[in-house]
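Chains, contacts and geometry: an overview
The residues making up each chain are set out below.
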Amino acid sequence: MVSRVDLHLHSTASDGVLTPAQVVRKAGYLKLKYMALTDHDSIDGIAEALAEAENFPGLTVIPGVEMSTDVAAGDVHILGYFIDWQNPELKRRLTIMRASREDRGQAIVERLGELGMPLDWERVKEIAGEAVIGRPHIAQAMVEKGYISYIGEAFDKYISRGGPGYVERIKLAPAEAVALIRSVGGVPVMAHPLTLPGYEKLIEELIPAGLAGIEVFYSSFKDWEVERLKMLADRLGLVATGGTDYHGLDPATETMIGGQPVPLAAVEGLISRRQAG
């Protein structure tokens, strides 16, 4: 059964495979009621997504973003929903972050070359197309060269945090991302919190900064983990959201659009928080 809600979707505006219009089209054909386009540090696909949504009257596209932030324990991703995606300051800050992504991509390619896996930077750019260059594009180039068998292997062995090919980049602190999202009328939510050690403490620290929700319904979370996160959200007065985190990189293993059950209450909670300011 397809969920009617998917609040975590990526497109070619960051590191997804489908264009924003194609993502919306898939969601529309699956008869979703709500979807959010949440590209990494990018709002470049929102205009196209909203335009395509006009062809699907039953579907509401929520303008969103997934901002990359950093703490000592690892990466923290903050989702922003109902953002004013045309805000000049938001565009400026995201432009800086995207430039950092490209610089990091070149550094990763250089590092992989030092590890005996040379890649053509021009080919990586061709794979990325108009999107901001991300690690999945580098991974695809590694597959083409025969260094790895599948995209996930690049992350497992080389380019995830702590791997021999990993390179850091400029990131905001989580509280800065929360504040930025709120400043443009958005509702901030912590993405996939279980990927970070000590997530409960960080969530509690971000509530005074304006954190409004946590991602509870997520494809890699076990049922008991979902229940634990639901109880945490209830205890802290946060909205329990969710989505597939769809990129389209590996159909054999990835949860497809609408494949993660997310209750309609997630959207209702976000709308309520937005109206409350």
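Here, every reference points to the structure presented above.
Thresholds applied
Sequence order as written defines residue numbering, which begins from 1 separately in each chain. Totals for whole chains, interfaces and linings use all residues, but because this is a predicted model, local features are given only for residues with pLDDT of at least 70 and pairs of side-chain atoms are given and counted only at 80 or more. The basis for every side-chain value is the complete set of heavy atoms in the structure, and neither hydrogens nor water enter the calculation. Secondary structure elements follow DSSP: runs of H or I no shorter than four residues count as helices, runs of E no shorter than two count as strands, and numbering proceeds from the N terminus. The atom set for the radius of gyration is the C-alpha atoms, and the globule formula is 2.2 Å times the number of residues raised to the power 0.38. Each residue is placed in one exposure class: buried if its accessible area under a 1.4 Å probe, protein chains only, is under 20% of its type's maximum, exposed if it is over 50%, and partly exposed if it falls in between. In what follows, residue pairs with any heavy atoms lying within 4.5 Å of each other are defined as contacts. Note on areas: Shrake-Rupley, 1.4 Å probe, and residue coverage restricted to the protein chains presented here. In this count, Lys and Arg are taken as positive residues and Asp and Glu as negative ones, while His and the chain termini are left out. Every charge is mapped to an atom, namely NZ of Lys, CZ of Arg, CG of Asp or CD of Glu. In this analysis, strands are considered paired if DSSP registers two or more bridges between them. Whenever a helix is involved, its axis is fitted only over the stretch in contact; in every case the axis is a line through C-alpha atoms, and angles between N-to-C directions fall within 0 to 180 degrees. Remark: nonpolar core denotes a set of buried residues (Ala, Val, Leu, Ile, Met, Phe, Trp, Tyr, Cys) joined through side-chain atoms within 4.5 Å.

1. A short note on the overall build of the protein
Across its full length, the protein carries 10 helices and seven strands. Against the compact-globule benchmark of 19 Å for 277 residues, the protein has a radius of gyration of 18 Å, which places it among compact chains. Along the three orthogonal principal directions, the C-alpha set of the protein runs to about 55 × 45 × 40 Å. When each of the 277 residues of the protein is scored for burial, the buried share is 55%. For the protein, the proportion of contacts with a sequence separation of at least 24, taken over those separated by at least 6, is 71%. Accessible surface for the protein amounts to roughly 12,200 Å². Of this, 51% is attributable to carbon and sulfur atoms. Considering the protein, the positive charge centre built from 28 side chains and the negative charge centre built from 38 side chains are found 3 Å apart.

2. Brief notes about the sheet that holds strand S1 (residues 5–9)
A sheet is described by the order of its strands in space; here seven strands give the open sequence S1-S2-S3-S4-S5-S6-S7, paired in mixed fashion. This sheet does not close on itself; its edge strands, each paired only once, are S1 and strand S7 (239–243). Averaged over all pairs of adjacent strands, the angle between their axes in this sheet comes to 35°, without regard to strand direction. Two elements, strand S2 (residues 34–37) and strand S3 (residues 60–71), share four bridges in a ladder whose sense is parallel. What sits directly across from Tyr34, in S3, is Thr60.

3. Quick word on the environment of Lys145
Secondary-structure assignment places Lys145 in helix H5 (residues 135–145). With 28 residues separating them in the primary sequence, Lys145 and Met117 have C-alpha atoms 8.5 Å apart. The residues touching Lys145, leaving out its near neighbours within four places in the chain, are Pro118 and Leu119.

4. Describing the nonpolar core
Leu7, Met67, Tyr81, Ile83, Met190 and Ile214 are the most contacted members of the largest nonpolar core, which has 52 residues in total. When near neighbours in sequence (up to four residues on either side) are disregarded, Tyr81 contacts Leu7, Ala36, Thr38, Ile62, Pro63, Gly186, Val187, Val189, Thr241 and Leu270. The next biggest cluster of nonpolar side chains, apart from the first, holds 20 residues, and it includes Leu112, Trp121, Val124 and Val167.

5. Some thoughts on the pairing of strand S5 (residues 187–190)
Strand residues, when the strand is regular, have side chains that alternate between the two faces of the sheet. What you see with S5 is no split at all: Val187 and Val189 on one side and Pro188 and Met190 on the other are buried throughout. The pairing of strand S4 (residues 74–81) with S5 spans four bridges and is antiparallel. The residue of S5 that forms the bridge with Tyr81 is Val187. Looking at chain direction, S5 and strand S6 (residues 213–218) are connected through two bridges and run parallel. Bridging across to S6, Val189 finds its partner in Gly213.

6. Thoughts on the environment of Arg93
Residue position: Arg93 is located in helix H3 (residues 88–114). For Arg93, a relative accessible area of 23% gives the class partly exposed. Along the sequence, Arg93 and Ile138 sit 45 residues apart, while their C-alpha atoms lie 24 Å from each other. Filtering out sequence-adjacent residues up to four positions away, Arg93 remains in contact with Leu172 and Leu180.

No statement about biological role is implied by the geometric values presented.
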